[in-house]
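Each chain, letter by letter, is given below.
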Amino acid sequence: MALTPESASTTPLHNPSNFSAALGLPYLGDYPRTYTHEGGFPAGFVWGSGTAAYQIEGAWNEGGRGPSIWDDFSGAGGPAHEAMVKVGAIAGGGGNHSGAVACDHYHRYREDVQLMASLGLRHYRFSLSWPRILPNGTLAGGVNEEGAAFYDALIDALIAAKIEPFVTLYHWDLPSALQTAASPGWLSAGTVRHFEDFARLCFERWGGKVRRWVTFNEPWTFTAPGKPYADVRTGPYLAGHNVLLAHAAAVRAFRETAAASGGAIGITNNIDWREPLTAAPEDVAAAERAREWWLAWFCDPIWRGDYPPSMRASLGERLPTFTPSELESLQGLNHYGSSFVVAQPNGKHYGKHYGEGNGESYWRDYEALALHSEEMKEEAAASAWLYSVPWGLRKLLSWVKRRYGNPPLYVTENGWSTPGNDSASSAQVADGSRVRFLANYTSELRRAIYEDGVDVRGYYAWSLLDNFEWEMGYSERFGLVYTDYATQRRHPKASARWL
Ligand code: BGC
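Read on for a plain summary of the structure. (Residues numbered from 1 in each chain as written. Predicted model: local features only at pLDDT ≥ 70, side-chain atom pairs only at ≥ 80, totals over all residues. Heavy atoms only, no water.)

### Some words on the overall build of the protein
A count of helical and extended segments in the protein gives 17 helices and 15 strands. The proportion of buried residues among the 499 residues of the protein is 59%. Intrachain contacts of the protein at a sequence separation of at least 6 include 77% that bridge at least 24 residues. Just so you have it, the protein exposes about 18200 Å², and 52% of that area is on carbon and sulfur atoms. (Helix = DSSP H or I, 4+ residues; strand = E, 2+ residues; numbered from the N terminus. Buried < 20%, exposed > 50% of the residue type's maximum accessible area, 1.4 Å probe, protein only. Contact = heavy atoms within 4.5 Å. Areas by Shrake-Rupley, 256 points an atom, 1.4 Å probe, with all protein chains shown as cover.)

Structure, rendered in structure tokens:
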């Protein structure tokens, strides 16, 4: 393992007395390089794939849909777009791309459901577009019946095709009307109330047909890294707090509606695994701290009643007080890659992918620096942050089991990106690197279940279709199915057949 840390010069990790033994996690510093692909999964294990509304639907200004913050950011007519482009807020990769058309799924959902059926997909995770249902974000502003009818039709088509719908309420497309000076998005308690209303409306309308629900997709991703908070010292923690309160409110609403009978609700959190680079106590502590500041930030309040002690200790009054609720919900985990970590007290930055230079914010508080070994770099995806590290998934699952008493888990996203400019006739459709990624990660998932006893109930590969990859636009493809954006033809890749 060739490592290139700026600051690590201590004991190598290949040492049986390392941190893993202490934590009881698999792999004592010796990381596997090959994986076996044999053996089954428990009966009833759920295999699926997923998407998100803004990434695939398009039809941004049709059917009564209101604008979302992603229209504003990426330019589908939003007033903020020109300013964003000027300051370079839209990454080079994303260029002027937006989700205005995306995969045109809004118009092609019937064909897409047929495609899913033809691939043998039985479980499909997707998100509802809040501004399509409530164009200005509030019940008082009125329900857009046409938008709600789109989801009626989609859900009915899925059920008719014997595909189980798994619905995420919030996958980042906040109605623009809730992101204003007067109503600053997730910094505002009003957004919590409006989300509760939106959630209740969805449970009442679709609770009879949809059994599995997720409130939020990756709170960490849309609250912590690199956000332009007016007060960077408190912004991430207040936004995160409001999201947790909104989750709690939605779970309460769920229990009050018929959706609760036989249904289940949870939250999807995410983390890239954080492994200490060396056995030096400060690096071991930095890795645990990184996991707490990333994943436990959003899991501890739900399953342990308060924020992680390490956050309370260093943030003091900057961290809001949580009123513990009787929440008990499913845990979804999105997981892609892993890094080694070294301690970085008063860390200036974390890495160039997440807010480098944002020296006064969350990343400074986080105090850990992530690095990738040369071995990890041998399997690099098109996304700058993504390397294939299958053992990281197994370690993460074990860590969650130990910290939270083995709750039922779903891997709600796991996937691999290839370059956006390849054509359907090229290596894109013969996507060996994605097949290898999925095969190796599910191999480790299987070991987590059978050897480590983790209660994982399902796995959703990300993503069903190549789609709008947020700030990277169409420059990265995560799909099991190739999307030809010029013709909107879909071409299943080898990975779709493999799954
Ligand atoms: C998000 C997806 C995204 C994927 C790949 C996840 O964090 O939930 O929407 O496409 O990562 O970047």
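Past the structure itself, the notes keep going.
### Structural notes on unusual backbone geometry
Of note, the amide linkage connecting Trp462 to Ser463 takes the cis form, showing an omega dihedral of 5 degrees. In this fold, Ser463 is placed in the loop between strand E12 (456-462) and strand E13 (476-477). Of note in the backbone geometry, Lys162 takes a positive phi value of approximately 60 degrees without being a glycine. Turning to its location among the elements, Lys162 is positioned in the loop between helix H7 (145-160) and strand E3 (164-170). Taking relative accessible area as the criterion, Lys162 reaches 63% and is therefore assigned exposed. Its identity as a non-glycine residue notwithstanding, Trp470 has a phi of 45 degrees, on the positive side. Mapped onto the elements, Trp470 comes out in the loop between E12 and E13. Among the residues examined, Trp470 registers a relative accessible area of 5% and is labelled buried.

### Remarks on the nonpolar core
In this structure, Leu128, Trp186, Phe195, Trp206, Trp213 and Tyr362 are the most contacted members of the largest nonpolar core, which totals 132 residues. By residue number, the principal contributor to this core is helix H11 (residues 281-303), which donates 11 residues. Those residues within four positions of Phe195 in sequence are excluded, and the remaining contacts are Trp130, Leu169, Tyr170, Trp186, Thr215, Phe216, Ala246 and Ala250. Core analysis: the second largest hydrophobic core is formed by 5 residues, Val46, Phe166, Val214 and Tyr410 among them. (Core = buried A, V, L, I, M, F, W, Y, C linked by side-chain atoms within 4.5 Å.)

### Quick notes on the pattern of salt bridges
Any two side chains of opposite charge can pair, so long as their charged atoms come close to each other. Counted under the stated rule, the structure contains 31 salt bridges. Between Asp466 and Arg477 there is a salt bridge, with the nearest N and O atoms lying 2.7 Å from each other. Here the residue Asp466 occupies a position in the loop between E12 and E13, and Arg477 occupies one in strand E13, the gap between them amounting to 11 residues. Here Asp466 falls in the buried class, since its relative accessible area comes to 0%. According to the relative accessible area criterion, Arg477 is buried, its value standing at 4%. Look at the salt bridges and you will find they share partners, linking Glu288, Arg291, Glu292, Asp300, Arg304 and Arg403 into a network. (Salt bridge = Lys/Arg side-chain N within 4 Å of Asp/Glu carboxyl O.)

### Let's talk about the side chain of Asp431
Inspection of the secondary structure assignment puts Asp431 in the loop between strand E11 (418-419) and helix H16 (432-450). In terms of polar contacts, Asp431 uses its side chain to reach the backbone amide nitrogen of Ala494, at 3.2 Å. Not counting residues within four places of it along the chain, the set of residues in contact with Asp431 comprises Gly479, Lys493, Ala494 and Ser495. (Polar contact = N/O pair within 3.5 Å; in protein donor to acceptor, adjacent residues only side chain to side chain.)

### What to know about the packing of helix H5 (residues 105-118) against H7
The geometry of H5 relative to H7 is characterised by a closest axis approach of 10 Å and an angle of 10 degrees between their N-to-C directions. It follows that H5 is roughly parallel to H7 by the angle criterion. Every residue of H7 that contacts H5 at His105, Tyr106, Tyr109, Val113 and Met116 is listed here: Glu146, Phe150, Ala153, Leu154, Ala157 and Leu158. Here the contact of H5 with H7 is composed, by residue class, of 9 nonpolar, 1 polar and 1 charged. (Axes fitted to C-alpha atoms, helices over the stretch in contact; angles between N-to-C directions. Parallel < 35°, antiparallel > 145°, perpendicular 65-115°, else oblique. Nonpolar A, V, L, I, M, F, W, Y, C, P; charged D, E, K, R; others polar.)

### Remarks on the site of the ligand
Close to the ligand lie 13 residues, the nearest being Gln55, Asn217, Glu218, Glu469 and Trp470. Contact distances for the ligand include 2.5 Å between an oxygen atom and a side-chain N or O atom of Glu469. Across the shell around the ligand, the residue classes break down as 6 nonpolar, 4 polar and 3 charged. (Near = heavy atom within 4 Å.)

### Section: the packing of helix H10 (residues 235-256) against H11
The packing of two helices is summarised by the inter-axis angle and the distance between the axes. Their axes nearest at 10 Å, the elements H10 and H11 cross at an angle of 40 degrees. Comparing the axis directions of H10 and H11 gives the class oblique. You can see that H10 and H11 cross each other, and the crossing is right-handed. On H11, the residues that touch Pro236, Tyr237, Gly240, Leu244 and His247 of H10 are Trp293, Trp297, Phe298, Pro301 and Ile302. When the residues that make up the contact of H10 with H11 are grouped by side-chain class, the tally is 8 nonpolar, 2 polar and no charged. (Left-handed = near helix turned anticlockwise from the far one by under 90°.)

### Some details on the packing of aromatic side chains
By the definition in use, this model includes 53 aromatic pairs. Seen in terms of ring centroids, Trp220 and Tyr362 are 6.4 Å apart; in terms of plane orientation they differ by 70 degrees. Their pairing is edge-to-face. Of this pair, Trp220 sits in helix H9 (residues 219-223) while Tyr362 sits in helix H13 (residues 362-366), and the two are 142 residues apart along the sequence. By relative accessible area, which is 1% here, Trp220 ends up buried. Looking at Tyr362, the relative accessible area reads 0%, which means it is buried. Pairing Tyr336 with Phe478 gives two aromatic rings, centres 6.0 Å apart and planes at 85 degrees, and the pair type is edge-to-face. In this pair, Tyr336 sits in the loop between strand E7 (330-334) and strand E8 (338-343) while Phe478 sits in the loop between E13 and strand E14 (481-484), placing the two residues 142 residues apart along the sequence. (Phe/Tyr/Trp six-rings, centres within 6.5 Å; stacked < 30°, edge-to-face > 60°.)

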